[in-house]
Every structure is written in structure tokens, then in C-alpha cells.
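Architecture and fold: a report
What follows is each chain in one-letter form.
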Amino acid sequence: LDQTQPLGELDRFLDCIEDERNTLFAWNSGFEWNILSHVLKVDTSFDRYVDPMVMARHMALPGSLAQIGPVIGLDDDLWKHTTGKALINFFCGPRKPTKRDLRERNLPTDNEKTREKWEQFRQYNVQDVKAEVAAYEWLRRWDMPDEEWDMWFEDRRINERGVPVSLAAIDNAVRLVDDITAD
């Protein structure tokens, strides 16, 4: 999905995501779920996701997409590229404005330099998808038991919902610690 392209592409993407018949594949799918839910305001249920990272961790393999390719013997053209972190920071993080340049974010359309970096970023993301697919194709040869998926889905739901906390109990605990440490 390229934010410099017409909105029709985004509409088609969201139609696919919102279609409950589609299974969603993503390495570290919690990240994608959070972006869809909190940024794009698209509600997807956890049980629609297949997460190759979970499959890898179930097999005691690295949970890092950058590490899994070499470990499972994928050809190096299917590995995650290491250039991505700088590009992610460039486009996805805030920018400190200067006196000459008041921008708070780098946008793909800012200038020729950012257009070139945007193309590198797009290619990095394409490579990321290739690495995810290759890792998934290797990992799927070993079924992860349904019970493991159920536990993972429940863990995701718990993490999203949070745990109820008694603020009164916390206040009392703080007072107790203050009382004990004051002596």
C-alpha cells in the first residue's frame, strides 16, 4: 500500500482486510492489528491472523524476521533487508524541525531526496513481504497444534483488553511503601 497512490488502492486494500472470509498473514501480527485498529480504525478479530512469527517461536526458532532466514536456510535474496530501520525512522517517526526546515515529518512528496528514499522504502517493504512469505512457506510444513493457536489468540485478547486494576489497592500499596521507607 503506497500512500502516494490514489485512494482507490487504499479502498481495495481495506475491502480485502474487512472481508471476514480472508485470512490475514503477518509476521508479528500484533503490530498490524494495532495499526489497523488504532490508526486505520479497521476492526479485525485476532483469530483471522496466521502469524509465522508465532509458528517460529513455537519451534524454538528466532522471532525476528531478520534472523529467521539464515537460521532456516533460506536463500539470502529471501532474507529481510537490514536497510529498513533507517528508512522506517525517516518516514515513520517524528522529525525535529530546524530554522530552515519546519517540517515535523518526512513525506514522500517533500522533495527529490524523499521521493528516492520513498522508493527505497517501498522496495524494502516488498522485500519484507517476500521474506515473510518464504519463512511462512518453510514453517507451515509443521502444523502448529490448534491448542497452541487458541492460547496465542487468548493471549492477544488479554493483552489488548488489559487486566483490571484496583486504583484504591495501588494507592494503598504506595502509602504502605512510603510509610515503610520513611522509617
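Up top is the structure these notes are about.
Below, the structure is looked at part by part. (Residues numbered from 1 in each chain as written. Predicted model: local features only at pLDDT ≥ 70, side-chain atom pairs only at ≥ 80, totals over all residues. Heavy atoms only, no water.)

Brief notes about helix H5 (residues 84-92)
Residue pairs three or four apart in sequence face the same way in an α-helix, which turns once every 3.6 residues. Considered for burial, the residues of H5 that qualify are Gly84, Leu87, Phe90 and Phe91. Seen along its axis, H5 keeps its buried residues to an arc of 125°; they face one direction. Exposed residues lying more than 90 degrees from the buried face of H5 are Lys85, Ala86 and Asn89. Tucked into the core, H5 has its buried residues touching helix H6 (112-139). (Buried < 20%, exposed > 50% of the residue type's maximum accessible area, 1.4 Å probe, protein only. Helix = DSSP H or I, 4+ residues; strand = E, 2+ residues; numbered from the N terminus. Arc of directions from axis to C-beta. Contact = heavy atoms within 4.5 Å.)

Section: the packing of helix H4 (residues 65-72) against H6
Running from N to C, H4 and H6 point in directions that differ by 50°, and their axes come no closer than 10 Å. What the angle tells us is that H4 and H6 run oblique. With respect to the hand of their crossing, H4 and H6 are arranged in left-handed fashion. Along its contact with H4, which presents Leu65, Ile68 and Ile72, the element H6 presents Asp128, Ala131, Glu132, Ala135 and Trp138. Of the residues in the contact of H4 with H6, the class split is 6 nonpolar, no polar and 2 charged. (Axes fitted to C-alpha atoms, helices over the stretch in contact; angles between N-to-C directions. Parallel < 35°, antiparallel > 145°, perpendicular 65-115°, else oblique. Left-handed = near helix turned anticlockwise from the far one by under 90°. Nonpolar A, V, L, I, M, F, W, Y, C, P; charged D, E, K, R; others polar.)

Some points on the nonpolar core
Among the nonpolar cores identified, the biggest contains 27 residues, and Trp27, Met55, Ile68 and Trp149 are the most heavily contacted of them. No other element matches H6, which puts 5 residues into this core. Apart from the residues within four sequence positions on either side, Ile68 is in contact with Trp27, Ala56, Leu61, Pro62 and Ala135. (Core = buried A, V, L, I, M, F, W, Y, C linked by side-chain atoms within 4.5 Å.)

Some details on a nonpolar patch on the surface
Among the surface-exposed residues, Phe13, Phe31, Ile35, Val39 and Leu40 lie close enough to one another that they form a single nonpolar patch of about 430 Å² accessible area. It is helix H2 (residues 29-39) that contributes the most residues to the nonpolar patch, 3 residues altogether. Of note, Ile35 is situated in helix H2. Overall, the relative accessible area of 34% leaves Ile35 in the partly exposed class. (Patch = residues over 30% accessible without salt bridge, like charges linked within 9 Å, V, L, I, M, F, W, Y side chains within 5 Å. Areas by Shrake-Rupley, 256 points an atom, 1.4 Å probe, with all protein chains shown as cover. Salt bridge = Lys/Arg side-chain N within 4 Å of Asp/Glu carboxyl O.)

Here we look at unusual backbone geometry
A positive phi angle, close to 55°, is found at Asn28, a residue other than glycine. Relative to the assigned elements, Asn28 resides in the loop between strand S1 (24-25) and H2. We classify Asn28 as partly exposed; its relative accessible area is 37%. In the Ramachandran plot, Lys41 falls in the positive-phi region, its phi being about 60° despite a non-glycine side chain. The class for Lys41 is exposed, based on a relative accessible area of 63%.

Describing the pattern of salt bridges
For the structure on display, the rule yields 10 salt bridges. Among the ionic pairs, Asp19 bridges to Arg21, the shortest N-O distance being 2.6 Å. As a salt-bridge pair, Asp110 and Arg103 come within 2.3 Å of each other at their nearest N and O atoms. We classify Arg103 as partly exposed; its relative accessible area is 22%. Salt bridges linked by common partners bring Arg95, Asp101, Arg103 and Asp110 together as one network.

Remarks on the side chain of Thr44
By secondary structure assignment, the location of Thr44 is in the loop between H2 and strand S2 (49-50). A polar atom in the side chain of Thr44 sits 3.0 Å from the side chain of Tyr49. Contact partners of Thr44, with chain neighbours within four places excluded, come to Ile17, Leu24, Trp33, Leu36 and Tyr49. (Polar contact = N/O pair within 3.5 Å; in protein donor to acceptor, adjacent residues only side chain to side chain.)

The analysis is restricted to geometry; functional conclusions fall outside its scope.
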